[in-house]
Amino acid sequence: MNKILVLLFHPRLESSKVNKFFSENLSVRNDIYLRDMYELYPDFNIDIPLEQKNLLEADLVIMQHPFYWYSVPPLVKQWIDLVLQHGWAYGREGDKLKGKKILHLISSGGTFEAYNNTGRNKYTYRELLRPLELTYRLCLMKQLPPYIIPGSNKIDPEVLKNHWVNFEKALDWLKTSENKTETEPEISYLNDLI
Amino acid sequence: MASDLFQNALIYLGTGIVCVPISKKLGIGSVLGYLIGGILVGPFVIGLIGTEGHDVMHTAEFGVVMMLFVIGLELNPAQFWKMRTKIVGLGGLQMLLTAILLFPILFFVFSFSFYASLALAFTLAMSSTAIVLQTLKEKGIDKTHAGQNSFSVLLFQDIAVIPLLALLPLLALNTSAAATAEHRLPEFLSFLEDYPSLMLLAAVVFIFFLSKYLLPVFLRIIAKVQMHELFTAAALFFVIGIAYLMEMAGISAALGAFMAGVLLANSEFRHELEADINPFKGLLLGVFFTAVGSTINFDIIALDPLRITSLVLTLMLVKWLVLFFIGKKFGLVSDQNLLFAFLLCQVGEFAFVLLTAIGGLGILPRESLDLLMGAVTISMMVSPLLLFLNEKLIAPRFGVKEEIAPGKFDTIDDHNKVILIGFGHFGSTIGRFLRANNTAATIIDNDSDRVNLLRKMGFKVFYGDGTRLELLESAGAKDARILISALDNPYLNMQLAELLPRHFPNLKLFVRAKNRNDAYELMDLGVENIHRESLIDSVYMGVDVLSELGLRKYTLYRKAQDFIKYDNEALAKLYRHRKTTGYIGRLREEIEIQESLLQEDKVFLEKTEDNAWDSSVLGT
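Think of each chain on its own: its residues are numbered from 1, step by step along the sequence as written. Here chains are named by letter from A upward and ligands by number from 1 upward, in the order in which they appear as written. In keeping with the predicted nature of the model, local features appear solely for residues at pLDDT of at least 70, side-chain atom pairs appear and are counted solely at 80 or more, and the whole-chain, interface and lining totals rest on all residues.

Caption draft 1: View of the pairing of strand 1 (residues 4–8) of chain A. Residues and elements named next belong to chain A. By the criterion of burial, strand 1 is predominantly enclosed, with 5 of the 5 residues buried. On strand 1, burial covers both faces: Ile4, Val6 and Leu8 on one face and Leu5 and Leu7 on the other are all buried. Any two strands with at least two DSSP bridges between them are considered paired. Per the convention used, a helix needs a DSSP run of H or I reaching at least four residues, while a strand needs a run of E reaching at least two, with both numbered from the N terminus. As defined by bridge partners, strand 1 adjoins strand 2 (residues 32–36) across 5 bridges and the pair is classed as parallel. Looking at strand 2, one finds that leucine 8 is bridged to aspartate 36. The parallel pair strand 1 and strand 2 is bridged by helix 1 (residues 18–28), and the resulting crossover is right-handed. In this structure, strand 1 lies alongside strand 3 (residues 60–66), joined through 5 bridges in parallel fashion. Each residue of the ladder has a partner; that of leucine 5, found in strand 3, is valine 61. With C-beta atoms placed from the backbone, a residue is buried if 20 or more other C-beta atoms are within 10 Å of its own, exposed if 12 or fewer are, and partly exposed between those counts. Crossover handedness is defined by viewing with both strands directed away from the observer: a clockwise path from the first strand over the helix to the second marks the crossover as right-handed.

Caption draft 2: Fine view of the confidence of the model for chain B. Residue and element names in this part refer to chain B. Summarising the model, chain B shows a mean pLDDT of 79, and 85% of its residues fall at 70 or more. Counted against residues more than four places away or in other chains, residues 174–183, with its pLDDT under 50, gives 12 contacts. Interface predicted TM-score (ipTM) for the complex: 0.83; the corresponding pTM is 0.53. pLDDT is a residue-level measure of predictor confidence that goes from 0 to 100. Any pair of residues counts as being in contact when their C-beta atoms, constructed from backbone geometry, are within 7 Å of one another.

Caption draft 3: Looking closely at the environment of serine 108 of chain A. Residue and element names in this part refer to chain A. Looking at where serine 108 falls in the secondary structure, it is placed in the loop between strand 4 (101–107) and helix 5 (125–128). Remark: the alpha-carbon pair of serine 108 and asparagine 153, spanning 45 residues in sequence, is separated by 7.8 Å. Ignoring any residue separated from it by four or fewer positions in sequence, one finds serine 108 in contact with Phe67, Ile148, Ile149, Pro150 and Ser152.

Caption draft 4: Spatial organisation of helix 4 (residues 74–83) of chain A. Residue and element names in this part refer to chain A. What helix 4 keeps buried is the set Leu75, Trp79 and Val83. All buried residues of helix 4 project into a common sector of 50° when viewed along the axis, lining one side. Considering only its buried residues, helix 4 is in contact with helix 2 (37–40) and helix 3 (48–57). The reported arc concerns the directions from the helix axis to the C-beta atoms and nothing else.

Caption draft 5: Up close: unusual backbone geometry. Despite not being glycine, tyrosine 70 of chain A has its phi angle at roughly 65°, a positive value. Among the secondary structure elements, tyrosine 70 of chain A is positioned in the loop between strand 3 and helix 4. Taking the number of C-beta atoms within 10 Å as the measure of exposure, tyrosine 70 of chain A has 15 and is therefore partly exposed. In this structure, asparagine 438 of chain B is a non-glycine residue whose phi angle is positive, near 55°. Take asparagine 438 of chain B: it is sitting in the loop between helix 21 (425–436) and strand 2 (441–445).

Caption draft 6: How the structure looks around the sheet that holds strand 4 (residues 482–485) of chain B. All names here are of chain B. What the 6 strands build is an open sheet, ordered 3-2-1-4-5-6; its pairing is parallel. Every interior strand has two partners, whereas the edge strands, strand 3 (460–463) and strand 6 (529–532), have only one. Each strand of the sheet is rotated relative to its neighbour by a mean of 20°, with strand direction disregarded. Here strand 5 (residues 508–513) runs beside strand 6; their pairing, made up of 4 bridges, is parallel. Following the sheet pairing, alanine 513 is matched in strand 6 by arginine 532. Working convention: axes come from line fits to C-alpha atoms, limited for helices to the stretch in contact. Angles between N-to-C directions cover 0 to 180 degrees. Of the strands in this sheet, strand 1 (418–421), strand 2, strand 4 and strand 5 are in contact with helix 21, which crosses strand 1 at around 155°.

Caption draft 7: Spatial organisation of the pairing of strand 2 of chain B. All names here are of chain B. Among the 5 residues that make up strand 2, 5 are buried, leaving the element largely enclosed by the rest of the structure. What you see with strand 2 is no split at all: Ala441, Ile443 and Asp445 on one side and Thr442 and Ile444 on the other are buried throughout. Crossover strand 1 to strand 2 through helix 21 is right-handed. By the bridge criterion, 4 bridges tie strand 2 to strand 3 in an arrangement that is parallel. Residue pairing across strands places aspartate 445 opposite tyrosine 463, the latter belonging to strand 3. At this point the chain moves from strand 2, through helix 22 (residues 448–456), to the parallel strand 3, and the crossover so formed is right-handed.

Caption draft 8: Spotlight on the packing of helix 4 (residues 62–73) of chain B against helix 13 (residues 253–264) of chain B. Residue and element names in this part refer to chain B. Where helix 4 meets helix 13, the axes come as close as 6 Å, and the angle between the chain directions of the two elements is 25°. It follows from the interaxial angle that helix 4 and helix 13 lie roughly parallel. Here helix 4 and helix 13 pass one another in a crossing that is right-handed. On the side of helix 4, the interface is formed by Val64, Val65, Met66, Leu68, Phe69, Val70, Ile71, Gly72 and Leu73, while helix 13 contributes Ala253, Ala254, Ala257, Phe258, Met259, Ala260, Gly261, Val262 and Leu264. Here roughly perpendicular refers to angles of 65 to 115 degrees, roughly parallel to angles under 35, roughly antiparallel to angles over 145, and oblique to all remaining angles. Rotating anticlockwise by less than a right angle from the far helix to the near helix defines a left-handed crossing, while the corresponding clockwise rotation defines a right-handed one.

Listed below in C-alpha cells is the structure:
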C-alpha cells in the first residue's frame, strides 16, 4: 500500500476556493497525510528533520499549491531550499529520495489555452515548471505529470467537483499502477490520464 | 564634639578640593596636592590644623589599610603565585640591598646604636604604597614594566612588615619595654603575647578561615537583604574589624586587611567589596596625605637642618641607587628603569608603623624618632616632586618611552563585547539567546545566589549594583561595544541611560522599557534602542488567541509584524506629539496616550486591509 504525503502551500487558504475544497477532500482519505505548510510554518522556519522524516515515510509526494506569477508560492521555494539538503537529497551520497514519486497539484487562474505557445502566456505549464523538473531530477525522484485546475478564480462548483472526482481516480490508478506491468501512458498532464 | 568633627571635616575636605585640582592642573599629581595642602593648613603656615594633625594621621592611616584590602582584592591567590619570583626576587633584593647599604651609614655616619641602625635599615627600606600606587593609577602607567615591577616590590615590602614587626622585639634593649607595647588581647589569649611568632601564626590562620569560609557565607546573607547600604556597612565592618583585631594582636592592620583581600579575591563579592570600599579608601588616603603634610615639624628641621637634610638625601640616594641597580638586573630599559627608581625611592607610611613599634620597644630615643618621622615625611613630600622632574626633565633624554598599548590588549581580551546588566526574567532570556549564538556577555547582577549559579555555568558574572560606575569599569565598560540594561526597575534603567553616555560615550545602549511611558522617558534621554517588554509578547499572545478562534497562522503572523512595526512608529509619532502638548499629570497623560493610540489604530486598520493572494478580488 502506497503512502501519500500531501504538502499544501497556500498563503491565504481562508480566501481560497479550489485548494480549500481539495484539501478538505484529501484529508478525509486515510491513506493521505496532509500537511498545511503555511499554518505550520507561518514564520518560514521549517523543521528540516521532521520534513525529511515525512518524505522518507512517503511513497508519493503531492505538492499542492496555487500558481502565482507563473511560479510557486514562496514557502515552496523555502521548503526546497531547506529540506532538499546536499548529501541527503542530492549530491554524491544524497539519494534518500531516489525513486520516490512526486507530482504537483496546481490551481491556476489561467487556462490551458492561455498557457500555450500560441496563447497569451506564451509558455505551457510544463515549460514554466522546468526548474522544479530539474530539481526533482537532481534528487533522482520519479516525476509524474502535474494536475492543473485551470480558471480557478471563478470556478463553477460543479466543474470543481468533477476535477476532484477526476483527480481521485488518477490517484487510485497511481496507487495500483505499481503492481501493473503496463507502462505509463505518454501524457503531459495528469488531467488526461483517465 | 560634633562641631569639632564638622570643623575638621571641613578643613580636610576643603584642603583637598582646593589643592588637588590646582596640583593636577600643574601636572604634579594629587598626592603632592594633598601634601602641600596639609602644609598650608598646618601649624606652620595658616594654622587651621594644630598638633591634632598627628591624631588625624593616625586615624587616616586607615586609608592605607583599606588600600591594601583593595589591592588584595585585585590579586587572587593564583595571580599572586604567578608573580612570586618577581615579588621575592625584586622585592627581596631591594630590601636586602637597601638594608645592607643603609646599616653602616646609619651606624657610622649618623651614629645610631647598633640595634637601632639594624632596625632602621629595614624600616627605611620601605617605600610608600599609598603614594606609588596612587601615582601609577593617576598617570595610567600601572601596566608598564616599571609599574608592574614597582607593584611587586611594594607587595614584598607590605608582606615583609609582618616578620619585621615580629622580629623587632628581639632587638629591644630591655624586654620590659617590649611588654609595654599596647597589646590588648583577652585574658585567655594573653599567653600568646609571650610568643610573638605563635601569635602571628594564630592571626594568619584566623584571617584565613575568616576570609575563606566565614565571610562569604555572611556576605551572602547580607546580600539577600537587597539593601545596598547594608552591604557597604558590612564591607566596612569587616575591614575595620580585621584591622582592629590585628592591632589588638600587635600586628599590622594593613597586612591583615591585605590578606583578607587576597583571600576574598576569588569570591563573587570581590567587585562589590571593591566598589564599596574604594570611595572611603580614596577619601581617607586624601586625609592621610593632608595630615602627613600638616605634621611636618619645621621646628625639628630648623633645629638641625643639616642633619635632617643629609639624612633624607642619603636615604633617597641609597634607595634610588639600589632600585636602579636591581631594575637593570631585571631587564628594565633606561626610561622605565629611571621611572622605577624614582617611583620607589621615598620612605613610606609603613615606616611610620615600624618607627612607632621601634619607639615603643625602646630601641630608639624619642628625639631621634621625631627626627626620623620628619625625614620620612619629607621624603614622601619630595617623592612626587622628583617624579615630576623625572617625567619632565630627565626621562625625555633617555630612550624611547615604553608603549602602554601592549598591556592594554590583555585587558581587552579579558572583556566581552557585550555587557548585560540584570539577569532576571528579561535579562536571562537575552543572555541565553546571546550565548546560544556564541556571543558571550559579561553579566552584572545583584542577586548573589544567581551569581553563584551563573558562575558555575561558566558565565562571566560580576556581583553588584550595575548602576555603579566603578563596577561597570571593572566589568570592562570602556572596551565593550554594547551595554544591555535589562533591569526590572525602570528607574535604574533610566539612571544608566543618563550616566553611561557621559562616562562611556562609545558604548551603545540597549535599554529595556516596561511600557510606553518608560520608553518616552528613555527617548527624552536620547536612547535609540528601546525595547518595550510589553509589546511583542502581548501581540503574539493575540496571535495565538486569534489562531485558536480559527484564523490562519500565516496571516496572523503578517498582521502581528505589521502591528509591532506600526506600534513602534506610533510611539515615535505620539512622542513628538507629547512633546508639544507638554507635561500633564502622569495618570491623565496615560489615558491621553491610550486615546490617541486608539485613534491612530483606526487609521492603521483602514489602510492595512491588504488583499494579497486573495483570488476573490481578481477580475478574471
